[in-house]
Amino acid sequence: MKGNYGWGLPVAASTFAGPIDFGIKLIHAAMFAIFILWAIFFAYLLLRYRRREGRSAQAGYESPLKSLIPDFFVLVFEIALIVFYAIPNWHRIKIAGPSPDTALVVELVAEQFAWNFQYPGPDGKFGRRDVQFIEPANPIGLDPQDPAGKDDITTVNELHVPLGKPTILNMSSKDVIHSFFVPEFRVKQDIVPGMKISLWFEPTLAGRFEIGCAQLCGVAHSMMRGDAYVHTPSEYEAWLKAQSGQAPATTAANAATGNSNGSSTF
Ligand SMILES: [Cu+2]
């Protein structure tokens, strides 16, 4: 993760970084400008209405409307920000989303304190899941009788996605509220037990990025972390193929980092 975080914003690794960073920078610049302008206005008032020889400082307005002029400019700016920036980007990120036909769809089951990912495998179908099948070797409760689940790929604390293609995460939780957070992708979404919540992003940079839980979820909350690997399309296909193979191998990435959380394939 070294190099992904610095003094400013984290490395930009998804298509959301452009509009999100624009908003963060614009709002900071606007707040700085408003702070300076108010400070100048305040200093002007202090000098202009100071107590002088033969003239006392007095309360009251020269004109109530005139004193509202600065507020009017701030109001217009804020309404423009909502109408032209916030609503269109919220719609694009949270409402519109890509079609599942053109995206990689992954199921995410969060739990205290791990991220379980399920890929549909070569048949493109997710196996049925049920709480009655949950056990240490089957943390998401895949139904062993369901043929659609036979080729499913599951990983723990490792999300693998291809570069330049949208990924849709359909997220649920086994216990409490968690929050999926990848700062480099500029995505953060609560995962609420009893609800299926979707999130999407399109990576623009290959590499390994930290997945953090952004919702205090228990005693080991700070250790609830994983890695999002963004691969080039050919690398991703190779990873997928390796996972679909017979042997329940750990991933190359896992072996390289010595991540003891491991990735299980079954
Ligand atoms: Cu959590």
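Presented here is a report on the structure given in the accompanying data block. Keep in mind the model is a prediction, meaning the values are calculated, not measured. (Residues numbered from 1 in each chain as written. Predicted model: local features only at pLDDT ≥ 70, side-chain atom pairs only at ≥ 80, totals over all residues. Heavy atoms only, no water.)

### Re the overall build of the protein
For step 1, the next point in the chain: Scanning the protein from N- to C-terminus turns up four helices and ten strands.
For step 2, the next point in the chain: Shown N-terminal to C-terminal, the secondary structure of the protein runs as helices and strands in the order α-α-β-β-β-β-β-β-β-β-β-β-α-α.
For step 3, the next point in the chain: For the protein, the residues scored as buried account for 37% of the 266 residues in total.
For step 4, the next point in the chain: Contacts in the protein between residues at least 24 apart in sequence constitute 67% of all its contacts with a sequence separation of at least 6.
For step 5, the next point in the chain: For the protein, the exposed surface amounts to about 15,400 Å²; the carbon and sulfur share of it is 65%. (Helix = DSSP H or I, 4+ residues; strand = E, 2+ residues; numbered from the N terminus. Buried < 20%, exposed > 50% of the residue type's maximum accessible area, 1.4 Å probe, protein only. Contact = heavy atoms within 4.5 Å. Areas by Shrake-Rupley, 256 points an atom, 1.4 Å probe, with all protein chains shown as cover.)

### What to know about the nonpolar core
For step 1, the next point in the chain: Counting 35 residues, the largest nonpolar core has Trp115, Phe117, Leu159, Leu169 and Phe180 as its most contacted members.
For step 2, the next point in the chain: Apart from the residues lying within four places of it in its own chain, the contact partners of Phe117 are Val106, Glu107, Leu108, Ile153, Thr154, Thr155, Asn157, Glu158, Leu159, Leu169, Phe180 and Ile211. (Core = buried A, V, L, I, M, F, W, Y, C linked by side-chain atoms within 4.5 Å.)

### A short note on the packing of aromatic side chains
For step 1, the next point in the chain: All told, the structure shown has nine aromatic pairs when counted by the stated rule.
For step 2, the next point in the chain: Aromatic ring contacts, followed pair by pair, group Tyr119, Tyr236 and Trp239 into a single cluster.
For step 3, the next point in the chain: Geometry around Tyr49 places Arg48 over its ring, the cationic atom sitting 5.0 Å from the centre.
For step 4, the next point in the chain: Over the ring of Phe181 we find Lys188, and its NZ or CZ is 4.4 Å from the ring centre. (Phe/Tyr/Trp six-rings, centres within 6.5 Å; stacked < 30°, edge-to-face > 60°. Lys NZ or Arg CZ within 6 Å of the ring centre and 35° of its normal.)

### Digging into the coordination of the copper ion
For step 1, the next point in the chain: Summarising the metal site, the copper ion is bound by the protein donors His178 (ND1), Cys213 (SG), Cys217 (SG) and Met224 (SD), whose distances to it range over 2.1 to 2.5 Å.
For step 2, the next point in the chain: Look at where the donors of the copper ion fall in the sequence and you get H-x34-C-x3-C-x6-M. Of this pair, Cys213 sits in strand 9 (residues 207-213) while Met224 sits in the loop between strand 9 and strand 10 (225-231), placing them eleven residues apart in sequence. As far as the burial class goes, Cys213 and Met224 line up, both buried. (Donors = N, O, S within 2.8 Å, 3.2 Å for Na, K, Ca; no water.)

### A word on the sheet that holds strand 10
In any sheet, the strands associate via hydrogen bonds between backbone groups, in a parallel or an antiparallel arrangement.
For step 1, the next point in the chain: Overall, mixed pairing links the five strands, which are arranged 4-10-9-6-7 in an open sheet. Strands at the two margins of the open sheet, each flanked by one partner only, are strand 4 (158-162) and strand 7 (187-191). The sheet shows a mean angle of 20 degrees between the axes of neighbouring strands, direction not considered.
For step 2, the next point in the chain: The pairing of strand 6 (residues 178-182) with strand 9 spans two bridges and is antiparallel. By the bridge assignment for strand 9, Phe181 is matched with Gly212.
For step 3, the next point in the chain: Helix 3 (residues 233-244) contacts strand 4 and strand 10 of the sheet and is inclined by roughly 135 degrees relative to strand 4. (Pairing = 2+ DSSP bridges. Axes fitted to C-alpha atoms, helices over the stretch in contact; angles between N-to-C directions.)

### Remarks on the pattern of salt bridges
For step 1, the next point in the chain: Throughout the structure, instances matching the rule amount to nine salt bridges.
For step 2, the next point in the chain: Its salt-bridge partner being Arg186, residue Asp21 comes within 2.7 Å of it at the nearest N-O pair. Taken together, the residues Asp21 in helix 1 (residues 17-48) and Arg186 in the loop between strand 6 and strand 7 connect sequence positions 165 residues apart. We note that Asp21, like Arg186, is buried.
For step 3, the next point in the chain: Residues Arg208 and Asp227 are paired through a salt bridge, measuring 3.3 Å at the closest nitrogen-oxygen approach. Remark: Asp227 occurs in strand 10 and Arg208 occurs in strand 9; sequence separation between them is 19 residues.
For step 4, the next point in the chain: Through salt bridges with shared partners, a single network forms among Arg208, Glu210, Arg225 and Asp227. (Salt bridge = Lys/Arg side-chain N within 4 Å of Asp/Glu carboxyl O.)

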